[in-house]
Amino acid sequence: MNGPLPQGSTIGIIGGGQLGRMLAMAAARLGYRTIVLEPQADCPAAQVTNRQIVAAYDDPQALAELGRTCDVVTYEFENVPVGAAAALASRAEVSPPPMALEVSQDRLAEKSFLNAAGIPTASFRAVDSDDDLIAACAAFDGSGVLKTRRMGYDGKGQRVLRGATSGDLAGVYATMGGVPLIFESLIPFEREISVIGARGRDGTVRCYDPVENVHRDGILHTSTVPARISALTAAAARKAAAVILEALSYVGVIGVEFFVLADGSVLVNEIAPRVHNSGHWTEAACAISQFEQHIRAVAGLPLGDPSRHSDCVMENLIGDDASRLAELAAQPDTVIHLYGKAEARPGRKMGHFTRLLGPRS
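Quick word on the pairing of strand 1 (residues 10-14)
Argument step 1. Counted residue by residue, strand 1 has 5 buried out of 5 residues, so it is predominantly covered.
Argument step 2. The alternating pattern of strand 1 places Thr-10, Gly-12 and Ile-14 on one face and Ile-11 and Ile-13 on the opposite face, and all of these are buried.
Argument step 3. As paired elements, strand 1 and strand 2 (residues 33-37) share 5 bridges and run parallel to each other. If you follow Thr-10 over to strand 2, its bridge partner there is Arg-33.
Argument step 4. Between strand 1 and its parallel partner strand 2, the chain crosses via helix 1 (residues 18-29), and the hand of that crossover is right-handed.
Argument step 5. Here 4 bridges tie strand 1 to strand 4 (residues 72-75), and the two strands are oriented parallel to one another.

Here it is as structure tokens:
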């Protein structure tokens, strides 16, 4: 791409969930058209995009059409088939690069990549059998988190072990699905934070303020900014995010999740090569939201100022929480965003709201 995309250009988005929806809205504000590739016909993004291609993410004809009709293509989730993204990259610009998908889709590859880049993580071992699990447990004093290496999200595909002995572990590999696993050491963290970072086509890096995250049942419940961390911890988190962006030759927005230890140091838990749930607060407390920042990056525009004008707390609306609309609408300094999903199910993200807490502290 030579220079920024002209107004009226078309941005392709693989995935039509709430993140694709918010990306399409941000693109429209900047004068761009969007086409979404998503197999679900009534997806949230379909309500706000210019066009939807209803097909599987790896459908060759659909990918060819997306590449032919779009000036640049991005994606809203990290489980886009790598082969599909690589094939599409031969027809159109794809940002973030397919390498970011390859790294993030496998927890073993992800942690190996991070360590090679000088980024500390929990200790880990690959597990492909009960014997591997017994050896890993012994190395970590019987305690750790056993996770599927692929396709896990919102706490799914995870099992915590504490003080386990070899006799406790017979058959555990099979109960986890008999798929490749990773065993990670338990981290005595004080809190969880995340940083939303962005890298432009010119190599410029901008990071939003770190936020403090609270999870319930493995699903993000709230993100609060400012996080209760020192300036040194915040700087270390931003630096780690910048190192990751550079190492991946990244273009777009990324979410990086951290554990904060008692001494203020940070370990990276995982990366998400896309706009991120813990960055939704930016649409209410910043002039440039993470969604606009991502569109700016992939379109070759200058990145915006990520500084916030307000302290705030973002809360996810899960399942029947969406019925709180009238209650929330009556509250001051509250920005509400519902995702247009027809059916509320337990554990399903239906929307979020951000409560502004006053000027930036």
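Looking at the sheet that holds strand 4
Argument step 1. With parallel pairing, the 5 strands of this open sheet are ordered in space as 3-2-1-4-5. The open sheet terminates on both sides in strands that have one partner only, identified here as strand 3 (51-53) and strand 5 (93-94).
Argument step 2. Pairing of strand 2 with strand 3, which is carried by 3 bridges, proceeds in the parallel orientation. Looking at the pairing, Ile-35 lines up with Arg-51 of strand 3.

Some points on the side chain of Thr-354
Argument step 1. Structurally, Thr-354 is set in strand 18 (residues 349-359).
Argument step 2. You can call Thr-354 buried: its relative accessible area is 0%.
Argument step 3. Setting aside chain neighbours within four positions, we find Thr-354 in contact with His-280, Trp-281, Ala-284, Cys-312, Val-313, Met-314, Asp-333, Thr-334 and Val-335.

Conventions adopted
- Residues numbered from 1 in each chain as written.
- Predicted model: local features only at pLDDT ≥ 70, side-chain atom pairs only at ≥ 80, totals over all residues.
- Heavy atoms only, no water.
- Buried < 20%, exposed > 50% of the residue type's maximum accessible area, 1.4 Å probe, protein only.
- Helix = DSSP H or I, 4+ residues; strand = E, 2+ residues; numbered from the N terminus.
- Pairing = 2+ DSSP bridges.
- Right-handed = clockwise from strand over helix to strand, strands pointing away.
- Contact = heavy atoms within 4.5 Å.

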